[in-house]
Amino acid sequence: MSLIQKTLNLFRAIKQNGGILSSLKTLYVTDDLKWGTHVGTDKYGNKYYENNYYFLSRNRWVIYNPDFHLDYDGSQIPPEWHMWMHYTTDKPPTVKPPVNYKWMVPHQENKSGSSEMYYPYSTTRTKIESWQPAHLRTADTEEQNPKLFNIPQNNRIGVQ
């Protein structure tokens with residue numbers, strides 16, 4: 001490919017991304033600057049693009065909703081667009097809408113590492129009780145059950 005063609009592709013990418021400053025912002029957020037055809041937008045505001053000029057597996061990409069800034073994650077792509085992004089289907093959801101059954105739950109992103117992450121609830125007691133050294137015990141726990149600690153009456157914490 002000639003230098004002229006590469007320069008034209010650079011100008012196309014800058015023009016599609018909204019100018020020099022917007023292109024620098026896109027380069028900062030996504031680490032890539034591409035140009036292509038806008039295929040569609042999902043219900044979360046993510047924009048999907050395609051350009052068959054690029055190699056296979058690099059020719060489809062997503063620009064995440066700007067509200068996420070640098071906190072975007074692959075789990076924020078809904079299943080129907082995930083199928084298109086990973087070449088399970090050649091037709092995007094804008095051309096062939098997915099089948100929605102009433103038993104299907106709406107898509108939810110992975111919340112791991114956030115305050116909304118899932119914590120399993122266990123109803124079973126632990127099989128092993130952790131040992132606590134004497135210098136870390138509190139006076140309240142010893143007064144509640146002194147026989148559990150086997151400490152003589154005159155050596156208990158908080159008793160003089």
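As annotated in an unreviewed UniProt entry, the chain is NADH dehydrogenase [ubiquinone] 1 alpha subcomplex subunit 12 from Ramazzottius varieornatus. Entered under Subunit (unreviewed entry) in the UniProt record, the comment concerning the chain runs "Complex I is composed of 45 different subunits." Under the Sequence similarities (unreviewed entry) heading, UniProt states for the chain: "Belongs to the complex I NDUFA12 subunit family."

Novice: Lay out the packing of aromatic side chains in plain terms, naming residues and giving numbers.
Specialist: One pass over the structure, following the stated rule, counts eight aromatic pairs. An angle of 5 degrees between the planes, with centres 5.5 Å apart, marks the rings of Y101 and W103 as stacked. Of the residues examined, W103 reaches a relative accessible area of 64% and is grouped as exposed. Among the aromatic residues, those joined into a ring-pair cluster are W35, Y49, Y53, Y54 and W61.

Novice: Which residues make up the pattern of salt bridges, and what values do they have?
Specialist: A pair can form between side chains of opposite charge whenever their charged atoms are brought close. Tallied over the full model, the rule gives six salt bridges. Measuring nitrogen to oxygen at the nearest pair gives 3.3 Å for the salt bridge that ties R60 to E50. You can see R60 sitting in strand β3 (residues 60–63) and its partner E50 sitting in strand β2 (residues 47–50), a full 10 residues away along the chain. Salt-bridge contacts for E109 lead to K111; the nearest nitrogen and oxygen are separated by 4.0 Å.

Novice: How would you explain the environment of N17 if you had to name every residue and give the values?
Specialist: As for its placement among the helices and strands, N17 is situated in the loop between α1 (3–16) and α2 (20–30). In this structure the side chain of N17 is engaged in a polar contact, spanning 2.7 Å, whose partner is the backbone oxygen of A13.

Novice: Quick rundown of the sheet that holds strand β1 (residues 37–41)? Include the residues and the values.
Specialist: Strands sit in the order β1-β2-β3 across an open sheet of three strands; the sheet is antiparallel. At either end of the open sheet lies a strand with only one pairing partner, and these are β1 and β3. Across the sheet, the mean angle from the axis of one strand to that of its neighbour is 30 degrees, orientation sign disregarded. One ladder, built from four bridges, connects β1 with β2; its direction is antiparallel. Following the sheet pairing, G40 is matched in β2 by Y48.

Novice: Describe in detail a nonpolar patch on the surface, supporting the description with residues and values.
Specialist: A surface patch of nonpolar side chains, amounting to about 440 Å² of accessible area, comprises I20, L21, L24 and L27. On the accessibility criterion, L21 (72% relative accessible area) is exposed.

Cut-offs and rules
- Residues numbered from 1 in each chain as written.
- Predicted model: local features only at pLDDT ≥ 70, side-chain atom pairs only at ≥ 80, totals over all residues.
- Heavy atoms only, no water.
- UniProt positions renumbered as here; feature names shortened; annotations may be inferred.
- Phe/Tyr/Trp six-rings, centres within 6.5 Å; stacked < 30°, edge-to-face > 60°.
- Buried < 20%, exposed > 50% of the residue type's maximum accessible area, 1.4 Å probe, protein only.
- Salt bridge = Lys/Arg side-chain N within 4 Å of Asp/Glu carboxyl O.
- Helix = DSSP H or I, 4+ residues; strand = E, 2+ residues; numbered from the N terminus.
- Polar contact = N/O pair within 3.5 Å; in protein donor to acceptor, adjacent residues only side chain to side chain.
- Pairing = 2+ DSSP bridges.
- Axes fitted to C-alpha atoms, helices over the stretch in contact; angles between N-to-C directions.
- Patch = residues over 30% accessible without salt bridge, like charges linked within 9 Å, V, L, I, M, F, W, Y side chains within 5 Å.
- Areas by Shrake-Rupley, 256 points an atom, 1.4 Å probe, with all protein chains shown as cover.

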